[in-house]
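# Observations on the model geometry
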Amino acid sequence: MSKSGSIIPLYHLVEEETGTVIIAAREISGFFVEPDHAQPEEILIYGSPREPVRPGKDLFDVELRVVNSLGKAIGSYYIGRVGLRSTFEGEGSPEQGGFVATFYGHTCPYATAGAIWRRWASGSPLVNGEWARYPVESHDSWLHVVQNSWFETGHAAKRYGVGETCVVDGRRILGESSFYCALGESVNGPGGYFGSTLDGLADCLASSRNAGAPFELVWEHFSGAQERMGASLSASVMDVLREFDVDVKLR
């Protein structure tokens, strides 16, 4: 809620070419799903139109944007065609109603990304290690939000940190996604991105190569992290880091 009591939208459905906001929504149900979840027949858009729309008609060239409390886009998904099937009324307030829609095959296979986007959009700064407070099954959703927001807000795949030494706490690493969450935070601060796959890590390192001197990476509690990540993945990560002259110290 804003100070005036009105509901602040978390999502905008916009016409991609013009950026015109068609619908502003506080919530969307059925878009963020488990990876093996069947395509939902209906997606509920809890919001109101900003432009004239008519149920039974399709919208085209639609982008779903995640917006923060200031209305600035912090994430986006290209949907394309959206069918507005009907409207529904909210209980007690017209602002609680919305549209029943079809996104024609588009979903996001990160089930807790919606809740994480709401945290990111709140306006409160992210804190170090915040991602690790979420259950391990949500770390892939956090990493997805990190990557999506990183590029939506105009960042490149590179190192922005100025420190010569980055520290990764291996106790927080419970698998592949949490490794990249920890690495991105270590290199670029809370909410920072520094790859989400081996290829992405290599891209970040290649883009950072000419930005300054190679940095030192101190990987604390490495043996436990290695066991949870798997020996093959941890070895591949080490190979990529050393290929780009990162001075890795294992502790």
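Remember, it's a predicted structure, so these values are computed and weren't measured experimentally.

The strands making up a sheet are joined through hydrogen bonds of the backbone, oriented either antiparallel or parallel. With respect to topology, three strands assemble into an open sheet ordered 7-8-9, the strand pairing being parallel. Each having just a single partner strand, strand 7 (165-169) and strand 9 (247-250) make up the two edges of the open sheet. Taken pair by pair, the neighbouring strands of this sheet meet at an average axis angle of 20°, ignoring direction. Across four bridges, the pairing between strand 8 (residues 216-220) and strand 9 is parallel. Pairing of W219 across the sheet is with L250, part of strand 9. Against the sheet, helix 6 (residues 231-243) touches strand 8 and strand 9, its axis set at about 140° to strand 9.

Pairs may arise between side chains of opposite charge once their charged atoms sit close together. Taken as a whole, this structure holds nine salt bridges when the rule is applied. With a shortest N-O distance of 3.2 Å, R118 and E27 are connected by a salt bridge. Residue R118 is located in helix 1 (residues 113-121), and its partner E27 is located in strand 2 (residues 21-29); the two are separated by 91 residues in the primary sequence. Owing to a relative accessible area of 28%, E27 belongs among the partly exposed residues under this scheme.

Moving on, we come to the nonpolar core. Counting residues in each nonpolar core, the largest one holds 65 residues, and the members touching the most others are I45 and W219. In terms of residues, this core owes the most to one element, helix 3 (residues 176-188), which gives six residues.

Definitions and limits used
- Residues numbered from 1 in each chain as written.
- Predicted model: local features only at pLDDT ≥ 70, side-chain atom pairs only at ≥ 80, totals over all residues.
- Heavy atoms only, no water.
- Pairing = 2+ DSSP bridges.
- Helix = DSSP H or I, 4+ residues; strand = E, 2+ residues; numbered from the N terminus.
- Axes fitted to C-alpha atoms, helices over the stretch in contact; angles between N-to-C directions.
- Contact = heavy atoms within 4.5 Å.
- Salt bridge = Lys/Arg side-chain N within 4 Å of Asp/Glu carboxyl O.
- Buried < 20%, exposed > 50% of the residue type's maximum accessible area, 1.4 Å probe, protein only.
- Core = buried A, V, L, I, M, F, W, Y, C linked by side-chain atoms within 4.5 Å.

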